[in-house]
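Next come the chains, spelled out residue by residue.
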Amino acid sequence: MAMRWLLLCALLLASSAGAGAGRGGGDGDAGTGSQVYVVYMGAVPPRTSPNLLQESHLSLLGTVLKRGRRADSVVVRQYKHGFSGFAARLSEAEAAALRRKPGVVSVFPDPVYQLHTTRSWDFLQQTAVKIDAAAVRRGKAHHRATAADADSPPPPSPAAATETIIGLLDSGIWPESPSFNDAGFGPVPTRWNGTCMAGDNFNSSNCNKKLIGARYYNESDVRGPSQSGGGSPRDDVGHGTHTSSTAAGNAVADASYYGLAAGTAKGGSAASRVAMYRVCSEAGCSGSAILAGFDDAVADGVDVLSVSLGASPYFRPDFSEDPIAIGSFHAVAKGVAVVCSAGNSGPSAATVVNAAPWILTVAASTIDRDFESDVVLGGNNSAVKGGAINFSNLDKSPKYPLIAGASAKSSSVSDADSASHCEPGTLDTSKIQGKIVLCNHSEGDTSKLEKADELKDAGAVGAIFINDVERAVSTTYLDFPATKVTSAAAAAIQKYIASSSQPVATIAPTATVTGYKPAPVVAYFSSRGPSSQAPNVLKPDVAAPGVNILASWIPTSSLPAGQKEASQFKLVSGTSMACPHVAGAAATVKAWHPTWSPAAIRSAIMTTATQLNNAGAVTTTDAGSPATAYDHGAGQVHPAAALDPGLVYEAGVDDYLGFLCNYGYDAAKIKLIAASLPGGFACAANATAALISDLNYPSIAVSGLGKAGGRAAVTRAVTNVGAVEEVTYTAAVVAPAGLEVKVTPSKLAFTRSVKRLEFQVSFSGGKDKAGKKGAAMFGSITWSDGKHMVRSPFVVAS
């Protein structure tokens, strides 16, 4: 069933990808068959004013339009700060003509991207922010949570740090949330150039000294008035409010989701200011709006951008046609660190998105908190552990009849398997009224929430879903008593049903369990490497908490029975939730080290990440296997350690342009992308994808070792940023059997005058422990001076 669903999903995605471009462009002018296209023209030429750039866009556009069509009447948006370009309603012929014009890098239909909240609608009902102040006091090196959870780094003192501004490209913000109260904040930084746009149910007074900026990009511009959601910075989805508070929310005491996950919720960089760029609505996130958000954020003066959205992993565009890759490249070139979610298409391999090397890409992991809702069986009153979020009003005694879905199959249904999964329309309502129903659940099924609604409407008093994959993600059912158990736990329930003539049970209301082990675990939905676009850049970069994260939410009318007011917080899962944890950590590093580049900040976060769980063992995936760098990159983010990494791997625009050369772009295209390059710029004559491995990245990926004769070597350079200038670092290698790894030199001696040193890593062999070629082989190189441990993961594939 799951395989059939995956094939169907691929077909649907193919269909939606083609339709998405059209939807992003809207209906346009039906008479001309136009839709919105993005015209990307690279960096802003030196000494070019925004007004002059806008005029040049209109002039260029006028050369391809049919007689009678004015350029200013078809332009939807113009980009003039961080990069040059525009979005306009064009016919296919006009778009093709623009592609041939000098100065144009790419022209592509305006795509529609999706928020990375979850992989199924089930997850849209959840949230979490770990709140365990004791973990901060204990100061455990393996950090069980970050950002909105309690193990965030200490706030910088005014004397030691500068103020930072976190921008978010998201679904908007709910300014009334206590997470954005500005009590105790000083004046808005004078370097801030942003604005607080008025819109539907939103005016400039909604911003303050905490929420200092809010912009929106009206979807009616590209989708037409009939789909005009997004006419305000106000969040009507909840996603942007959640991510903003996770990245930079104030400390809010007594936060909970109707009593669950109670404690103090706060963002990873609570001292940071927040700027929201609403680029998404319920219908998705148009590429033209995403680019506008990047363009404005750079001009406004943000320090860090958090972007929890992306393309489908099955139809990802090339870097020069990907709004996130384009916008982030120019943001990073201007000194803005960009953090993106890796996507929610795991656990399949090669599903990671937002994999450009200038982006910090984040996978999702669990925290040490669980939401337990047990099943109590009749007879010996044994309890079977389950997990979900429900506010069950069932009697604590097991007195409700219990039936398996297969036993309640409707006589009009021939498919017993569908009935065992409690698919809508497959059960006899007379057989389930007043009963708790046991249902199998697979990934390709109707969502658990839809099943629960159908069972409730049919008169069932509760539901137990059997699912191994999604156990860690707690679905919210509110008043309907429902829970989720593993197949191993379900065996006890099934045995009891088979042994009893009148099986009975009850479902307990949810209880919060802390200190849950093992944690972290890489979430099953988190997208995995390798990057299909550039396998010689290891992605994702790091992992962060992204399962059942408690953070601020918008008011809702869906309340548990007995509740009079909507919770101001909600439990949600997805790499969307992991991304702002790392954005908060990046902002704190930037506050302590204001002159550090985005690459240095990324390096500090990656090389100090941890690989152990709270049981002292190696971090695993949800399936129980040891997590590899394709699952969680360098490991679980450790924000406090990132403040003092010892060494960093620097990279700048020139390095990324070298990457583009090796990726396959020609010098003419790269000159347009960069604009400030000397006239004689040229890609190296030996440019090849294999040389991407030489990018000065904090991790190492080498593919095609067999083609290289079983040998390869890469070069790296590290810069000493520690307090001690005269210091020596020694390399330690962890390598799998069958792969020989050598670091030359094995010692790096830094002095007051020598801050940056190079080393080479050579690989030979390329057979795994079973003697098999081709399998990915994982290891690490760690430089240490006795205090700092600067770890770089590597993967070698032959």
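Residues numbered from 1 in each chain as written. Predicted model: local features only at pLDDT ≥ 70, side-chain atom pairs only at ≥ 80, totals over all residues. Heavy atoms only, no water.

Under the annotation held in an unreviewed UniProt entry, the protein chain carries the name Subtilisin-like protease and is attributed to Urochloa decumbens.

Attention shifts here to the sheet that holds strand E2 (residues 75-79). Pairing is antiparallel in the open sheet, where four strands are placed in the order E2-E3-E1-E4. Edge positions in the sheet fall to E2 and strand E4 (106-109), since each has one partner strand and no second. Averaged over all adjacent pairs, the angle separating strand axes in this sheet is 20 degrees, with direction ignored. One ladder, built from four bridges, connects E2 with strand E3 (residues 85-90); its direction is antiparallel. (Pairing = 2+ DSSP bridges. Helix = DSSP H or I, 4+ residues; strand = E, 2+ residues; numbered from the N terminus. Axes fitted to C-alpha atoms, helices over the stretch in contact; angles between N-to-C directions.)

When two helices pack together, their arrangement is given by the angle between the helix axes and by the axis-to-axis distance. Where helix H8 (residues 287-300) meets helix H9 (residues 323-333), the closest approach of the two axes is 9 Å, and the angle between their N-to-C directions is 10 degrees. Here H8 lies roughly parallel to H9, going by the angle between them. Facing H8, whose interface residues are Gly 287, Ile 290, Leu 291, Phe 294 and Val 298, H9 presents Pro 323, Ile 324, Ile 326, Gly 327, Ser 328 and Ala 331. Grouping the amino acids of the contact of H8 with H9 by side-chain chemistry returns eight nonpolar, three polar and no charged. (Parallel < 35°, antiparallel > 145°, perpendicular 65-115°, else oblique. Contact = heavy atoms within 4.5 Å. Nonpolar A, V, L, I, M, F, W, Y, C, P; charged D, E, K, R; others polar.)

Glancing now at the sheet that holds strand E35 (residues 711-720). Strand pairing in a sheet relies on backbone hydrogen bonds. The paired strands run either parallel or antiparallel. Pairing in this open sheet of four strands is antiparallel, and the strands run E33-E35-E39-E37 from one edge to the other. A single partner strand is all that each edge strand has here, and the edge strands are strand E33 (647-648) and strand E37 (739-744). Where E33 lies against E35, two bridges are found, and the strand directions are antiparallel. Looking across to E35, one finds that Val 648 is bridged to Thr 719.

This part covers the pattern of salt bridges. One pass over the full model with this rule turns up 19 salt bridges. Close ionic contact of Asp 236 with Arg 278 constitutes a salt bridge, the shortest N to O distance being 3.2 Å. Of this pair, Asp 236 sits in the loop between helix H6 (220-223) and helix H7 (239-248) while Arg 278 sits in strand E10 (residues 273-278); the two residues are 42 residues apart in sequence, bridging distant segments of the chain. By relative accessible area, which is 3% here, Arg 278 ends up buried. Connected through salt bridges with shared partners, the residues Glu 725, Glu 726, Arg 752 and Lys 755 form a single ionic network. (Salt bridge = Lys/Arg side-chain N within 4 Å of Asp/Glu carboxyl O. Buried < 20%, exposed > 50% of the residue type's maximum accessible area, 1.4 Å probe, protein only.)

Let's shift gears to unusual backbone geometry. Residues apart from glycine generally show negative phi values, whereas peptide bonds are mostly found in trans. A cis amide bond links Lys 517 to the next residue, Pro 518, at an omega of -5 degrees. Within the secondary structure layout, Pro 518 lies in the loop between strand E27 (511-514) and strand E28 (521-522). For the peptide bond that leads from Ala 519 to Pro 520, omega is 0 degrees, which places it in the cis range. Within the element layout of this structure, Pro 520 appears in the loop between E27 and E28. In this model, Ala 261 sits at a positive phi of 60 degrees, which is unusual for a non-glycine residue. Within the fold, Ala 261 resides in strand E9 (residues 260-265).

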